[in-house]
Each structure stands twice: as C-alpha cells, then as structure tokens.
Amino acid sequence: MTDNFVEETNPNAIFESWYAEAQSSEINDPNAMALSSIDLSGMPNVRVVLLKARDARGFVFYTNLESQKGREVLQSGKAAANFHWKSLRRQVRIRGLIEGVTDAEADEYFASRSRLSRLGAIASQQSRPLDSRETMMREVERLDKLYPDENIPRPSHWHGTRILPLYLEFWQDGEARLHDRFVFQRETIDQEWTKQRWYP
C-alpha cells in the first residue's frame with residue numbers, strides 16, 4: 001500500500017482512486033461486481049452485475065425488480081458486492097443496506113441504453129422459465145414495431161438499486177500471500193467511518 005492509502009480516512013476517495021486505475025488496466029468491464037443476496041429460504045445467491053453509478057451515498061446497479069436478485073435484495077433490504085481487479089491484484093468488498101434510486105435517475109439511465117437493450121428489458125421476464133430463445137426474440141420484434149422511434153418507456157419494474165455501504169474492505173495482493181487489508185466500518189449510514197488494518 002502507498003503511504004497515501006494508509007493515511008486516507010475516506011473510503012470513497014480510495015475507491016475512486018482504485019476504480020480509476022482499474023478503468024485503465026482491466027481489459028473488460030472494470031465496473032463488474034459480484035452481487036450477493038439471500039433468498040427467502042436463507043440460501044445465499046451471487047451473480048455478476050455492472051456498477052452504473054456511484055456517489056458519496058453508495059453504489060448503483062440496475063435490474064428487473066421482479067427478477068431473482070431484485071426480489072431478494074428488496075425482501076432483505078441488504079446486499080453485498082465484490083470487485084476483483086485481476087490486473088491490479090486488488091479486491092474491494094462492500095456490505096450494506098439498499099435503497100431505490102429516484103424515478104428520474106432510472107429514467108435517465110434507461111434512456112442512455114441502446115435501443116435493443118431497452119426493448120430487451122421490456123421483453124425479458126427475467127428469472128422465469130423460457131420455452132425457447134425464439135419466443136423472447138419474437139417479443140423483441142413485436143416491441144420494435146410497437147415503438148418505432150426512440151420513445152421507449154421504462155417499465156416500472158426496471159429500476160436502480162443503490163447499496164449504502166456499512167462495510168468497505170480494500171485488499172491488495174502481497175508477496176507470499178502477505179496481503180494488505182484495510183476495513184472501514186460504521187453502524188449506520190450517517191456515522192463516521194472507523195478504519196482498521198486486518199490480518200490478511
């Protein structure tokens with residue numbers, strides 16, 4: 001770790017620095033994060049999603065709220081995520097509460113997506129059985145004719161979720177597995193962060 005990192009008390013500043021480096025070094029999707037949730041039976045679930053926005057409050061991803069992950073994070077009100085930047089030999093772990101983004105935020109991001117992605121978001125009954133790919137593609141074709149211009153409405157169930165972190169961990173690979181690991185924690189999102197170095 002650099003001296004600046006060791007002395008830094010704001011985890012958001014560290015994340016911004018590391019994320020900027022990842023954007024320069026990762027070949028594909030530096031914004032990819034493994035998102036973990038818990039289903040109704042208490043079984044953990046994980047999948048990769050893309051970070052689409054970040055600010056002082058938290059980390060935003062978008063999904064169909066009627067999907068498996070959408071239902072799981074909504075019912076628990078909690079989520080965890082992990083960034084792994086192999087080119088930098090770094091990880092960032094996040095655990096926290098969730099909140100929905102505003103409709104205006106969701107509308108703005110939905111409008112920025114490609115036409116086919118927007119049509120697909122409407123056509124896909126995410127996490128439900130599908131008899132064939134052709135069924136889904138026929139629905140995309142139907143929607144393409146229904147919305148001939150760029151005025152494609154965002155489905156109300158397609159929305160953004162913000163993870164409000166209560167735990168942020170920065171992990172840097174070290175020689176002979178003597179890694180460097182710093183953990184920031186707080187009890188509520190309004191509290192100041194506490195910082196500790198942990199054994200790797």
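For the structure given in this document, a descriptive report is provided here. In this text the structure is predicted, and so the values were computed from the model without any measurement.

Bringing the overall build of the protein into the picture now. On a plain count of helices and strands, the protein comes out with 6 helices and 9 strands. With the C-alpha coordinates aligned to their principal axes, the bounding extent of the protein is approximately 60 × 35 × 30 Å. Evaluated residue by residue, the protein yields a buried proportion of 38% over its 200 residues. For the protein, restricting intrachain contacts to residue pairs at least 6 apart in sequence, the fraction spanning at least 24 positions comes to 61%. Surface accessibility of the protein: about 11800 Å² in total, with carbon and sulfur atoms responsible for 49%.

Moving on: the pairing of strand β5 (residues 78-85). Alternating residues of β5 divide into Ala79, Ala81, Phe83 and Trp85, all buried, and Lys78, Ala80, Asn82 and His84, none buried. Where strand β1 (residues 32-38) and β5 come together, 3 bridges link them in antiparallel fashion. Looking at β5, one finds that serine 36 is bridged to alanine 80. Where β5 and strand β6 (residues 90-100) come together, 8 bridges link them in antiparallel fashion. In the strand pairing of β6, alanine 79 is matched with glycine 96. Counting the residues that bridge the hairpin from β5 to β6 gives 4 residues, and of these arginine 89 lies at a positive phi of roughly 55 degrees.

Our focus in this paragraph is the side chain of glutamate 72. Locating glutamate 72 in the fold gives a position in helix α3 (residues 68-76). Note on glutamate 72: relative accessible area 5%, which makes it buried. Engagement of the side chain of glutamate 72 in a polar contact is seen with the side chain of arginine 47, the distance being 3.2 Å. Apart from the residues within four sequence positions on either side, glutamate 72 is in contact with Ser37, Ile38, Asp39, Asn45 and Arg47.

Further remarks concern the packing of aromatic side chains. When we look at a pair of aromatic rings, we describe it by the centre distance and by the angle of the planes. In the structure shown here, the tally under the stated rule is 14 aromatic pairs. Judged by centre distance (5.4 Å) and plane angle (85 degrees), the ring pair of tryptophan 18 and phenylalanine 170 falls under edge-to-face. With tryptophan 18 in helix α2 (residues 11-25) and phenylalanine 170 in strand β7 (residues 158-172), this residue pair connects regions lying 152 residues apart in the sequence. As far as the burial class goes, tryptophan 18 and phenylalanine 170 line up, both buried. For the ring pair phenylalanine 170 and phenylalanine 184, a centre distance of 5.9 Å and an interplane angle of 85 degrees mean the geometry is edge-to-face. One end of the pair, phenylalanine 170, is in strand β7; the other, phenylalanine 184, is in strand β8 (residues 180-185), with 14 residues separating them in the sequence. The exposure classification of phenylalanine 170 matches that of phenylalanine 184, with both residues buried. Feature note: the residues Phe15, Tyr19, Phe59, Phe83 and Trp85 constitute an aromatic cluster, connected by ring pairs. Sitting over the ring of tryptophan 18, arginine 90 keeps its end group 4.3 Å from the ring centre. Lysine 195 extends its terminal NZ or CZ atom over the ring of phenylalanine 182, reaching a point 4.8 Å from the ring centre.

Reading the values: rules and limits
- Residues numbered from 1 in each chain as written.
- Predicted model: local features only at pLDDT ≥ 70, side-chain atom pairs only at ≥ 80, totals over all residues.
- Heavy atoms only, no water.
- Helix = DSSP H or I, 4+ residues; strand = E, 2+ residues; numbered from the N terminus.
- Buried < 20%, exposed > 50% of the residue type's maximum accessible area, 1.4 Å probe, protein only.
- Contact = heavy atoms within 4.5 Å.
- Areas by Shrake-Rupley, 256 points an atom, 1.4 Å probe, with all protein chains shown as cover.
- Pairing = 2+ DSSP bridges.
- Polar contact = N/O pair within 3.5 Å; in protein donor to acceptor, adjacent residues only side chain to side chain.
- Phe/Tyr/Trp six-rings, centres within 6.5 Å; stacked < 30°, edge-to-face > 60°.
- Lys NZ or Arg CZ within 6 Å of the ring centre and 35° of its normal.

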